[in-house]
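Examining the three-dimensional arrangement
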Amino acid sequence: MNFYLSGWGFLILAAINNCVGSLLLKKSRLVATDPSLLTLLLSPWFIGGIMVYGVNVILFAKALDQLPVSTAYPIFAGISFTLIAIAGNLLFGERFDFNQWIGLSLIFTGIIIMSR
């Protein structure tokens, strides 16, 4: 059986993966017993985040097989910003109010203008 994803499929997976990696890094800092570099590097949450980011590079590279980078990266970043903002609010109680909605709207407007 042959599995096929379009460039857009890889891009969406990369954005979701980027969100997961960012959330793991945040969690690594929330559970840290001290702010030292050694504690950071030995944290399973941090190690998991780095591994997820490694997969993210592969997914994004596969997306670039089929998409121009000048289109792919802004869309990837916009999806990632949105997912991270929403997940940060839901999982960590981070602020996500009217100003954040306006900011995300401006980002998406810019992405649409830039990718045309």
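Residues numbered from 1 in each chain as written. Predicted model: local features only at pLDDT ≥ 70, side-chain atom pairs only at ≥ 80, totals over all residues. Heavy atoms only, no water.

Let us now look at the UniProt feature "transmembrane region" (unreviewed entry) in the protein chain. UniProt's entry tags residues 37-60, 72-92 and 98-115 with the feature "transmembrane region" (unreviewed entry), counted in the numbering of this structure. In residues 37-60, helix accounts for 96% and strand for 0%; the two terminal C-alpha atoms are 29 Å from one another. With 94% helix and 0% strand, residues 98-115 has end C-alpha atoms that lie 26 Å from one another. (UniProt positions renumbered as here; feature names shortened; annotations may be inferred. Helix = DSSP H or I, 4+ residues; strand = E, 2+ residues; numbered from the N terminus.)

Running from amino to carboxyl end, helix H1 (residues 7-30) crosses helix H3 (residues 44-64) at an angle of 165°, the nearest separation of the two axes being 8 Å. If you check the angle between H1 and H3, you find them roughly antiparallel. For H1 against H3, the interelement crossing comes out left-handed. Tallied by class, the residues present in the contact of H1 with H3 amount to 16 nonpolar, 9 polar and 2 charged. (Axes fitted to C-alpha atoms, helices over the stretch in contact; angles between N-to-C directions. Parallel < 35°, antiparallel > 145°, perpendicular 65-115°, else oblique. Left-handed = near helix turned anticlockwise from the far one by under 90°. Nonpolar A, V, L, I, M, F, W, Y, C, P; charged D, E, K, R; others polar.)

Mapped onto the elements, Asn17 comes out in helix H1. Along the chain, Asn17 and Gly54 lie 37 residues apart, while their C-alpha atoms are 9.7 Å from each other. Other than its neighbours up to four places away in sequence, Asn17 contacts Val52, Val55, Asn56 and Leu59. (Contact = heavy atoms within 4.5 Å.)

To continue, consider the confidence of the model for the protein chain. Summarising the model, the protein chain shows a mean pLDDT of 91, and 97% of its residues fall at 70 or more. Taking the mean pLDDT of every element in the protein chain, the minimum, 86, falls on helix H5 (residues 98-114) and the maximum, 96, on H3. (pLDDT = per-residue confidence, 0-100.)

For Ser80, the position within the fold is in helix H4 (residues 69-92). Of note is the side chain of Ser80, whose polar atom sits 3.2 Å from the side chain of Asn18. (Polar contact = N/O pair within 3.5 Å; in protein donor to acceptor, adjacent residues only side chain to side chain.)

Below, the discussion takes up the nonpolar core. Looking at soluble globular proteins, one finds that nonpolar side chains tend to be buried together. If you look at the biggest cluster of nonpolar residues, it comprises 12 residues: Phe10, Leu11, Ala14, Ala15, Leu59, Phe60, Ala63, Leu67, Ala72, Ile75, Phe76 and Ile111. By residue number, the principal contributor to this core is H1, which donates 4 residues. Not counting chain neighbours up to four residues away, the residues in contact with Leu67 comprise Gly7, Trp8, Leu11 and Ala72. (Core = buried A, V, L, I, M, F, W, Y, C linked by side-chain atoms within 4.5 Å. Buried < 20%, exposed > 50% of the residue type's maximum accessible area, 1.4 Å probe, protein only.)

Looking now at the pattern of salt bridges. Applying the stated criterion to the full structure yields 3 salt bridges. The closest approach of N and O atoms between Lys26 and Glu94, which form a salt bridge, is 3.7 Å. Note that Lys26 is positioned in helix H1 and Glu94 in the loop between H4 and H5, a separation of 68 residues in sequence. Among the ionic pairs, Arg95 bridges to Asp97, the shortest N-O distance being 3.6 Å. Judged by relative accessible area, Arg95 falls into the exposed class, the value being 56%. (Salt bridge = Lys/Arg side-chain N within 4 Å of Asp/Glu carboxyl O.)

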